[in-house]
Structures are given as C-alpha cells and as structure tokens.
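Residue strings, one per chain:
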Amino acid sequence: PPEPLLHYADREVRIALLSPDGWRARNEAPGTANDSDDDGRLQRGFAHYEARQRQFAAVLMAHGVPVTFAHCSGDPAGQL
C-alpha cells in the first residue's frame, strides 16, 4: 500500500503536499511515461488530490485539530 499522506502526532495533523512531479512519480503507471492519456489521468488525479487535502484540512480545523502542511519532495512517510 502507498505510504500515508497524513500524520497525527502531538495533537496536530501534518498533511503532505506533493509537487506535481512528486505526484507523478508516486502514481504513474509503469511504461506510460510519455502516454498522453496517462498524462491527462495524472493531471486530473493531482487536482483531485489537492482538493481532498484541502477538504481534510477544513474538517480537521473545524474540529479544533491544528493542521500543518508539509511540502514533501517524494517520501511523505519520511518527511511527515
């Protein structure tokens, strides 16, 4: 399974923010590096990922849980 993109510790949640290149490396299907169909899928997936991260943050903050966004270069589990 993929590594988690949220980490709860010390009463705070750290949310991983991946760059578009980090997202691509994490989700690209093998053998599709220059496939325009896969590129479109990855762009839509990245937009969905960003929206979900904002949604999670809003819900957590509405419940009084502090949220910190952590810019991750490729290894969210090691950087959160």
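What you see is a predicted model; the values in this text were computed from it and never measured.

Attention now goes to the overall build of the protein chain. Secondary structure assignment for the protein chain yields three helices and three strands. Classification of the 80 residues of the protein chain by burial places 25% in the buried group.

Per-residue confidence for the protein chain averages 82 on the pLDDT scale, and 78% of its residues sit at or above 70. Mean pLDDT values for the elements of the protein chain range from 65 in helix H3 (residues 76–79) up to 90 in strand E2 (residues 12–18).

Take the packing of aromatic side chains next. A full pass over the atoms with the stated rule returns one aromatic pair. Relative to Tyr-49, the ring of Phe-46 lies with its centre 5.9 Å away and its plane at 35°, an arrangement referred to as tilted. Of this pair, Phe-46 and Tyr-49 both sit in helix H2 (residues 36–62), three residues apart, which is roughly one turn of the helix. Assessed through its relative accessible area of 12%, Phe-46 is described here as buried. Note that Arg-52 overlies the ring of Phe-56, its terminal NZ or CZ placed 5.0 Å from the centroid.

As a further point, take the side chain of Gln-53. Inspection of the secondary structure assignment puts Gln-53 in helix H2. Look past the residues within four positions of Gln-53 in its chain and what remains in contact with it is Leu-5, Ile-15, Ala-16 and Phe-69.

If you walk across this open sheet you meet the three strands as E1-E2-E3, and the pairing is mixed. Among the strands making up the open sheet, the edge pair consists of strand E1 (6–9) and strand E3 (67–72). Strand-to-strand twist across the sheet, computed as the mean angle between neighbouring axes with direction ignored, equals 25°. The pairing of E2 with E3 spans six bridges and is parallel. Each residue of the ladder has a partner; that of Ile-15, found in E3, is Phe-69.

Rules used in this analysis
- Residues numbered from 1 in each chain as written.
- Predicted model: local features only at pLDDT ≥ 70, side-chain atom pairs only at ≥ 80, totals over all residues.
- Heavy atoms only, no water.
- Helix = DSSP H or I, 4+ residues; strand = E, 2+ residues; numbered from the N terminus.
- Buried < 20%, exposed > 50% of the residue type's maximum accessible area, 1.4 Å probe, protein only.
- pLDDT = per-residue confidence, 0-100.
- Phe/Tyr/Trp six-rings, centres within 6.5 Å; stacked < 30°, edge-to-face > 60°.
- Lys NZ or Arg CZ within 6 Å of the ring centre and 35° of its normal.
- Contact = heavy atoms within 4.5 Å.
- Pairing = 2+ DSSP bridges.
- Axes fitted to C-alpha atoms, helices over the stretch in contact; angles between N-to-C directions.

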